[in-house]
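So you can see what is in the structure, the chains are spelled out below.
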Amino acid sequence: MPQLRIALNQTDSCVGDLAGNADAVLRWTRQAAERGAHLVAFPEMMLTGYPVEDLALRPSFVSASRAALRGLAARLEREGLGDVPVVVGYLDRSEAEEVRENAGQPAGAPRNAAAVLHRGEVALTFAKHHLPNYGVFDEFRYFVPGETLPVVRVRGVDVALAICEDLWQDGGRVPAARAAGAGLLLAINASPYEVNKDDTRLELVRKRAQEAGCVLAYLAMMGGQDELVFDGDSIVVDRDGSVIARAGQFAEECLLLDLDLPAAEERPRSGVAGDGLRIDHVTLGAAPVEPYPVEYPGAVAPRMEDPEEIYQALVTGLRAYVVKNGFRSVLIGLSGGIDSSLVAALACDAIGPANVHGLSMPSHYSSEHSRSDAAELARRTGLNLRTVEVAPMFDAYMSAVELTGLAEENLQSRLRGTLLMAVSNQEGHIVLAPGNKSELAVGYSTLYGDSVGAYGPIKDLYKTGVYRLARWRNEAAARRGETPPIPENSISKPPSAELRPGQLDTDSLPDYDELDRVLELYVDRDLGREEIIAAGHPEALVTRILRMVDTAEYKRRQYPPGTKISPKVFGKDRRLPITNRWREHA
Ligand SMILES: Nc1ncnc2c1ncn2[C@@H]1O[C@H](COP(=O)(O)OP(=O)(O)OC[C@H]2O[C@@H]([n+]3cccc(C(=O)O)c3)[C@H](O)[C@@H]2O)[C@@H](O)[C@H]1O
Ligand SMILES: Nc1ncnc2c1ncn2[C@@H]1O[C@H](COP(=O)(O)OP(=O)(O)OP(=O)(O)O)[C@@H](O)[C@H]1O
Ligand SMILES: NC(=O)CC[C@H](N)C(=O)O
């Protein structure tokens, strides 16, 4: 049986940074080649970053991506790496020639593509066959599908290739790989993180390997792009579905693996492999390979439990947003409450406490513990804290305009928002918005007040989840013998916006346990009022919560982007009209 040493590079890339991403491909390829790899692979759209959204519609960007691909092939050859085939995702457009073969595709339409680079040339290109068009994906808007089954023969093994969604939908490249007699199916992916999705992916990959009848290598992207986090977790499974190797979560790494694979038939199969996919077969001349001293049998990296996994996803998303947008530091309004404290802990873990700045902004109604808990948080984490009193500004406003009730309450919040933006402008930190998913759902925040900011690290985490993660982070620190970052009082005291004397969240909202249970059904599962009541929730409560959610759409639209961790983040996953007279409730 021929042996193939594959290098699955579970790497990060940055959207639009063609030069930087090409450098990364070169760097990782060199390392893999030095370790004797026969086939090197990178994630979906590695060269352009993923998702490129409407950049796909800009011909200049498509041309630049194609040029970068050719440049990369030439560079690999120049640097002595040309003999190792490299599979890399990029943005392409359909060619006139292919249009004739794939009847109906418009010439020049963008393609979510990948190429095999070898000996200075682009040896083979292909496009994703199944395009995802749900949730955060809009690939029908951008791409035309590929209609081939790409197969490369490397050291006597036929390797069929696929891109992400090609595995998620039935038919297409998976059965075609079997029909073509492939010895390995290599799928390159950019699969956004969601809670429990690692389990779904594992089951999917096992099932598809059995259907394809060969070893399946699932290479995942790692990193973050705007609201999306890519958690890594590349997997290789045998044809019977058993796991051979699994990479770590939330880390860039090369999964290097020796595989014994069936030798390809002498004459490559040709024609249509199934589902109308034409086999596009290329035999790559393999370089003579020196016997290599080390073996790479494959290992399964340990899995994280849920709270740790979610916490790491939030850290990864926040770090990626800050760093990729060219910032070094963040600014947070610190109230001593649980939301801003958790955001501060995440920020300290993402970019280091020296780069985290907190502003305590007490007003007339702020409690003493709002100051002391913020100070304690700073002491525990080492972040930079300063205090700016809001009261004098508030008094100046109140002497200029007559404000009462909510207008007066919200003024404090807006003064804080203005202060945060002023310090951001002055010192160059980006402001983090501390709103959680429960607050966003029911509109429990002040427009241009506590909702100001560039990024919302916990916007997809319900309040009950905020408590869970805060406790987990403190316990994890204690287990390691470190100081737990979040003051115990911030976790145990009742939540309050502190905008009027003695105000508590429970004055305006149901108990968070109850609220979050209903929100999960309405927001995340799209159930209607009757179904939610039938699930055992009191009618009056359901009506009240649904009304709050429905009337807060305008606020959510103005909320900053933030890390997606659920299957339904507010924004791309859940798009509702603002002007909307449909109500579930009477
Ligand atoms: N459909 C629509 N499309 C566009 N705009 C719409 C709108 N409906 C109202 N509006 C506008 O929205 C305004 C009302 O929204 P907004 O000004 O936010 O004020 P509002 O939602 O009335 O009050 C803020 C709420 O957030 C609570 N809260 C909780 C936690 C923390 C904080 C904090 O600030 O620290 C606040 C606070 O206790 C209060 O209940 C209206 O004055 C109107 O101009
Ligand atoms: N005294 C304050 N100093 C600085 N920032 C404040 C102050 N009061 C409120 N804020 C800002 O407004 C945000 C909204 O307050 P909110 O009460 O919703 O959150 P929290 O105080 O962090 O947590 P909790 O809701 O559990 O009390 C805070 O997270 C914080 O960023
Ligand atoms: N990039 C893709 O095609 C991703 C779609 C796929 N269903 C996933 O979430 O993993």
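Residues numbered from 1 in each chain as written. Chains lettered and ligands numbered in written order. Predicted model: local features only at pLDDT ≥ 70, side-chain atom pairs only at ≥ 80, totals over all residues.

## A word on the site of ligand 1
Thought 1: Around ligand 1, 14 residues are found, and the nearest of them are S413, T446, D450, A497 and Y554.
Thought 2: Counting residues per element, the shell around ligand 1 draws most heavily on helix α12 (residues 405-427), at three residues.
Thought 3: Counted by class, the shell around ligand 1 contains six nonpolar, seven polar and one charged residues. (Near = placed C-beta within 6 Å. Helix = DSSP H or I, 4+ residues; strand = E, 2+ residues; numbered from the N terminus. Nonpolar A, V, L, I, M, F, W, Y, C, P; charged D, E, K, R; others polar.)

## A short note on the sheet that holds strand β12 (residues 235-237)
Thought 1: Taken together, eight strands build an open sheet; the order of strands is β13-β12-β9-β8-β7-β6-β16-β15 and the sheet is mixed. Single-partner strands in this sheet number two, and they are β13 (243-246) and β15 (272-274). Going from strand to strand, the sheet's axes swing by 25° on average, the running direction of each strand aside.
Thought 2: Strand direction decides the pairing type here: strand β9 (residues 215-219) and β12, joined by three bridges, are antiparallel. Looking at the pairing, A217 lines up with V236 of β12. (Pairing = 2+ DSSP bridges. Axes fitted to C-alpha atoms, helices over the stretch in contact; angles between N-to-C directions.)

## What about the site of ligand 3?
Thought 1: All residues adjacent to ligand 3 are E44, P132, F137, C164, E165, W168, A190, S191 and P192.
Thought 2: Taken together, the residues of the shell around ligand 3 break down into six nonpolar, one polar and two charged.

## Re the pairing of strand β17 (residues 330-333)
Thought 1: The alternating pattern of β17 places V330 and I332 and L331 and G333 on opposite faces, both of which are buried.
Thought 2: In this sheet, strand β18 (residues 356-360) lies alongside β17 in parallel orientation, the contact comprising four bridges. Looking across to β18, one finds that V330 is bridged to V356.
Thought 3: A crossover connection joins β17 to the parallel β18 through helix α9 (residues 338-351); in handedness this β-α-β unit is right-handed.
Thought 4: Here β17 runs beside strand β20 (residues 430-431); their pairing, made up of two bridges, is parallel. Looking at β20, one finds that V330 is bridged to I430. (Buried ≥ 20, exposed ≤ 12 C-beta atoms within 10 Å, placed from the backbone. Right-handed = clockwise from strand over helix to strand, strands pointing away.)

## Here's the deal with the UniProt feature "binding site: deamido-NAD(+)" (unreviewed entry) in the chain
Thought 1: In the numbering used here, UniProt assigns the feature "binding site: deamido-NAD(+)" (unreviewed entry) to N410, E439 and K555.
Thought 2: Considering the arrangement of structural elements, one finds N410 in helix α12.
Thought 3: On the basis of neighbour counts, which here come to 20 C-beta atoms within 10 Å, the residue N410 falls in the buried class.
Thought 4: Aside from chain neighbours lying at most four places away, what touches N410 is T446 and G449.
Thought 5: Examined against the element boundaries, K555 turns out to sit in helix α20 (residues 553-557).
Thought 6: By the C-beta count within 10 Å, which is 19 here, K555 ends up partly exposed. (UniProt positions renumbered as here; feature names shortened; annotations may be inferred. Contact = placed C-beta atoms within 7 Å.)

## Section: the UniProt feature "active site" (unreviewed entry) in the chain
Thought 1: Mapped onto the present numbering, the UniProt feature "active site" (unreviewed entry) falls at E44, K128 and C164. For the residues just named, distributed over 121 residues, the greatest C-alpha separation is only 9.4 Å, placing them together at one site.
Thought 2: Mapped onto the elements, E44 comes out in the loop between β2 (39-41) and α2 (59-78).
Thought 3: If near-sequence neighbours (up to four positions away) are discounted, E44 is found in contact with Y50, G89, I163, C164, I188, N189, A190 and M221.

## Here we look at the domain arrangement of the chain
Thought 1: Once the domains are mapped, the chain shows domain 1 (3-283) and domain 2 (306-557).
Thought 2: Domain 1 and domain 2 are separated by 40 Å when their C-alpha centres are compared.
Thought 3: Among the elements of the structure, β10 (222-225) and β11 (228-231) are those that each provide at least two residues to the side of domain 1 that touches domain 2.
Thought 4: Residue contributions to the side of domain 1 that touches domain 2 peak at three residues, all from β10.
Thought 5: Its residues assigned to classes, the side of domain 1 that touches domain 2 shows five nonpolar, four polar and two charged. (Domains from an automatic or database assignment.)

## Description of unusual backbone geometry
Thought 1: The peptide bond linking Y50 to P51 adopts the cis configuration, its omega dihedral lying at -5°.
Thought 2: Looking at where P51 falls in the secondary structure, it is placed in the loop between β2 and α2.
Thought 3: Non-glycine residue E53 carries a positive phi angle of around 50°.
Thought 4: Inspection of the secondary structure assignment puts E53 in the loop between β2 and α2.
Thought 5: One non-glycine residue, D233, lies in positive phi territory at about 70°.
Thought 6: A tally of 26 C-beta atoms within 10 Å means that D233 is categorised as buried.

## Some points on the sheet that holds strand β14 (residues 253-260)
Thought 1: Read across the sheet, six strands follow the order β5-β4-β3-β2-β1-β14 without closing on themselves; strand pairing throughout is mixed. Bordering the open sheet on either side are β5 (121-127) and β14, each of which pairs with just one other strand. Across the sheet, the mean angle separating the axes of adjacent strands is 30° when strand polarity is ignored.
Thought 2: The pairing of strand β1 (residues 3-10) with β14 spans eight bridges and is antiparallel. Paired with R5 across the two strands is D258, which belongs to β14.
Thought 3: Here helix α1 (residues 18-34) sits on the sheet in contact with β1, β2, β3 (86-93) and β14, set at roughly 45° to β14.

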